[in-house]
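Listed below, chain by chain, are the residues.
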Amino acid sequence: MTNPRDVNAPAQVVHVGGDKEYDVVIGDHLAAQVVEAISERAVRVAVIHPPTLRDQAVAFREQLLTSVDAPITIEIPDGEAAKTAEVAAYCWSVLGQSGFTRTDVVIGFGGGATTDLAGFVAATWLRGVPLIQIPTTVLGMVDAAVGGKTGINTAEGKNLVGCFYPPEAVFCDLQTLGSMPHAEYVTGLAEVVKCGFIADPEILDLIEEDPEAALDPHGELIAELVRRSVQVKAEVVAGDLKESVDGAPAGKRSREILNYGHTLGHAIERNEQYRWRHGAAISVGMVFAAELAALSGRIDESLLERHRSILMSLGLPTTYSAGQWAPLEDAMKIDKKTHGDLLRFIILDGVGSTTVLEGPDPTVLLAAYDNVSADN
């Protein structure tokens, strides 16, 4: 039996520093705080949301009627289908017809794909209007809505078109996690695990101590895991917002470490035509990166197995179909993390210690892939 969360506890705030500072508010029943924050910034508001949150978006619009002029909702497709140039153009058209100006606010209300798209729309309309993110999934809270990355997909790959555009604020209302499909909740935990391996080992210890508690959207542990994961991302992006090719300033972590597991993970997503959830693909990608690190002599077998045991305890996949290396390699070669013709992978030297493996030997890549193949 997991410990229930005190939904009346004060919200926690994680501050994101850098050139454009903002707060990430984490708690339960945050609607009043959200409305107050919006009313201070906007004349008009557009709430961009998926069809699965239509009722909640309409209810939110009704709340906003007391403080802003004629708030509107813009419904977009669910999941990665929203992240296209055509959907972005539809949103721009609605904003234009509604007379949106730079005194108005775009709100991303949904999961990671929704906040990615909403951020891109806000960044490009009138060369930038205020943005507030309200992520409603684990993935959105700990990854997509924090950090200022926005983007859409193309036929060639995921997030290849986009920009860096920090929001005015992010509100993570933990109440929304209780209505998520279980499978989507679980896959979002992959990004939490990632934060544990790259920067905060306490995340791993908490999950290993009680995986069942981590799987409870109503429990107290998920609040702590979300806070810790947001803190990891806040500290990284404050020092390296735009993932500089030259790396972060001295004493700061490079934003590139947030790509742990993503090089192969994005390739799997594309190979599956986005039928795989993002977190599931990243889960396999982390095991692949751990295999590369082990084969390169950077980590020992115990840390490699720790990847598998933690991810499997949460019900996340650790293998992928055999015989798919050729299309996966092609997809990785056009990934935005690749420099020239060299594949780049973030790998571990140890828990909380990352490095870049650039241009690994093809035989090492194949060996690592064989070790994560489902037929192995």
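None of the values given here were measured: they were computed from a predicted structure.

(A) Region of interest: empty space enclosed by the protein. Applying the stated criterion across every chain, the model contains three cavities of 30 Å³ or more. The volume enclosed by the largest cavity comes to roughly 90 Å³. What lines the largest cavity is a set of 13 residues, among which Gly 157, Lys 158, His 266, Ala 331 and Asp 335 lie closest to the centre. Of all elements in the fold, only strand E8 (157-164), helix H10 (262-271) and helix H13 (325-333) reach the threshold of two or more residues within the lining of the largest cavity. The element contributing the most residues to the lining of the largest cavity is H10, with four residues. Tallied by class, the residues present in the lining of the largest cavity amount to five nonpolar, three polar and five charged.

(B) Main features of the packing of H10 against helix H11 (residues 278-295). Close contact between H10 and H11 brings their axes to 7 Å; oriented N to C, the two are set at 135°. Classified by the interaxial angle, the pair formed by H10 and H11 is oblique. The chirality of how H10 crosses H11 is right-handed. Across the interface between the two elements, His 262, Leu 264, Gly 265, His 266, Ile 268 and Glu 269 of H10 pack against His 278, Ala 281, Ile 282, Val 284, Gly 285 and Phe 288 of H11. Among the residues forming the contact of H10 with H11, the class breakdown is six nonpolar, five polar and one charged.

(C) Quick peek at the environment of Leu 53. Take Leu 53: it is sitting in the loop between strand E3 (45-49) and helix H2 (54-64). Along the sequence, Leu 53 and Thr 136 sit 83 residues apart, while their C-alpha atoms lie 9.3 Å from each other. Each residue touching Leu 53, except ones within four places of it in the same chain, is listed here: Phe 109, Gly 110 and Thr 136.

(D) Structural view of the sheet that holds strand E4 (residues 72-75). Read from one edge to the other, the open sheet built from seven strands follows the order E1-E2-E9-E6-E5-E3-E4, with strand pairing classed as mixed. At either end of the open sheet lies a strand with only one pairing partner, and these are strand E1 (12-16) and E4. Across this sheet, the average inter-strand angle for adjacent strands is 20°, counted without regard to direction. Pairing between E3 and E4: four bridges, direction parallel. Paired with Val 47 across the strands is Thr 73, a residue of E4. Of the strands in this sheet, strand E2 (22-27), E3, strand E5 (105-110), strand E6 (131-135) and strand E9 (169-173) are in contact with helix H1 (residues 31-39), which crosses E9 at around 165°. Relative to E1, helix H9 (residues 220-239) is tilted by about 15°, and along the sheet it contacts E1 and E2.

(E) Structural context of the environment of Leu 366. Tracing the backbone through its elements, the reader meets Leu 366 in helix H14 (residues 362-372). Look at Leu 366 and you get partly exposed, because its relative accessible area is 40%. Taking C-alpha positions, Leu 366 is 23 Å from Ile 257, a pair spaced 109 residues apart along the chain.

(F) The pairing of E6, seen in detail. Of all five residues that make up E6, five are buried, and the element is covered over most of its length. Residues of E6 alternate between two faces, with Leu 131, Gln 133 and Pro 135 on one and Ile 132 and Ile 134 on the opposite face, all of them buried. Alignment of E5 against E6, held across five bridges, turns out to be parallel. Bridge assignment links Ile 107 to a residue of E6, and that residue is Ile 132. Once the chain exits E5 it traverses helix H4 (residues 112-124) before rejoining the sheet at E6, and the crossover so formed is right-handed. Sheet analysis places E6 next to E9, joined by two bridges and oriented parallel. Within E9, the position partnered with Ile 132 by the bridge is Ala 169.

(G) Geometry of the nonpolar core. One finds Val 24, Val 193, Ile 207, Leu 225, Tyr 260 and Phe 288 to be the most contacted residues of the largest nonpolar core, which totals 79 residues. Discounting chain neighbours no more than four positions away, the residues touching Val 24 are Gln 12, Val 13, Val 14, Val 16, Val 146, Val 170, Cys 172 and Val 230.

(H) Representation of the packing of helix H6 (residues 182-198) against H9 within the structure. The N-to-C vectors of H6 and H9 enclose an angle of 55°; their axes lie 9 Å apart at closest approach. When the axis of H6 is compared with that of H9, the two are oblique. In this structure, H6 crosses over H9, and the sense of that crossing is left-handed. Here Tyr 185, Leu 189, Val 192, Cys 195 and Ile 198 of H6 come into contact with H9, specifically with Ile 222, Leu 225, Ser 229 and Val 232. Looking at the contact of H6 with H9 residue by residue, the classes come out as eight nonpolar, one polar and no charged.

(I) Representation of helix H7 (residues 201-209). What H7 keeps buried is the set Ile 203, Leu 204, Leu 206 and Ile 207. What you see down the axis of H7 is that its buried residues fit within an arc of 165°, all on one side. Considering only its buried residues, H7 is in contact with H6, helix H8 (211-214), H9 and helix H12 (301-313).

(J) The arrangement of helix H3 (residues 85-97) in detail. For H3, which comprises 13 residues, the first-to-last C-alpha distance of 18 Å matches the rise-based estimate of 18 Å (1.5 Å per residue) to within 8%. Within H3, the full set of buried residues consists of Val 87, Ala 88, Cys 91, Val 94 and Leu 95. In an axial view of H3, the angular spread of the buried residues amounts to 120°, which keeps them on one side of the axis. Looking at H3, the residues exposed on the side facing more than 90 degrees away from the buried face are Glu 86 and Gln 97. Next to the buried residues of H3 lie E3, E4, E5 and H4.

Calculation notes
- Residues numbered from 1 in each chain as written.
- Predicted model: local features only at pLDDT ≥ 70, side-chain atom pairs only at ≥ 80, totals over all residues.
- Heavy atoms only, no water.
- 1 Å grid on protein atoms, 1.4 Å probe; cavity = no way out; pocket = protein on both sides within 12 Å on 5 of 7 lines; lining within 4 Å.
- Points joined across faces, edges and corners; volume = space filled by probe spheres on them.
- Helix = DSSP H or I, 4+ residues; strand = E, 2+ residues; numbered from the N terminus.
- Nonpolar A, V, L, I, M, F, W, Y, C, P; charged D, E, K, R; others polar.
- Axes fitted to C-alpha atoms, helices over the stretch in contact; angles between N-to-C directions.
- Parallel < 35°, antiparallel > 145°, perpendicular 65-115°, else oblique.
- Left-handed = near helix turned anticlockwise from the far one by under 90°.
- Contact = heavy atoms within 4.5 Å.
- Pairing = 2+ DSSP bridges.
- Buried < 20%, exposed > 50% of the residue type's maximum accessible area, 1.4 Å probe, protein only.
- Right-handed = clockwise from strand over helix to strand, strands pointing away.
- Core = buried A, V, L, I, M, F, W, Y, C linked by side-chain atoms within 4.5 Å.
- Arc of directions from axis to C-beta.
- Expected span 1.5 Å × (residues − 1).

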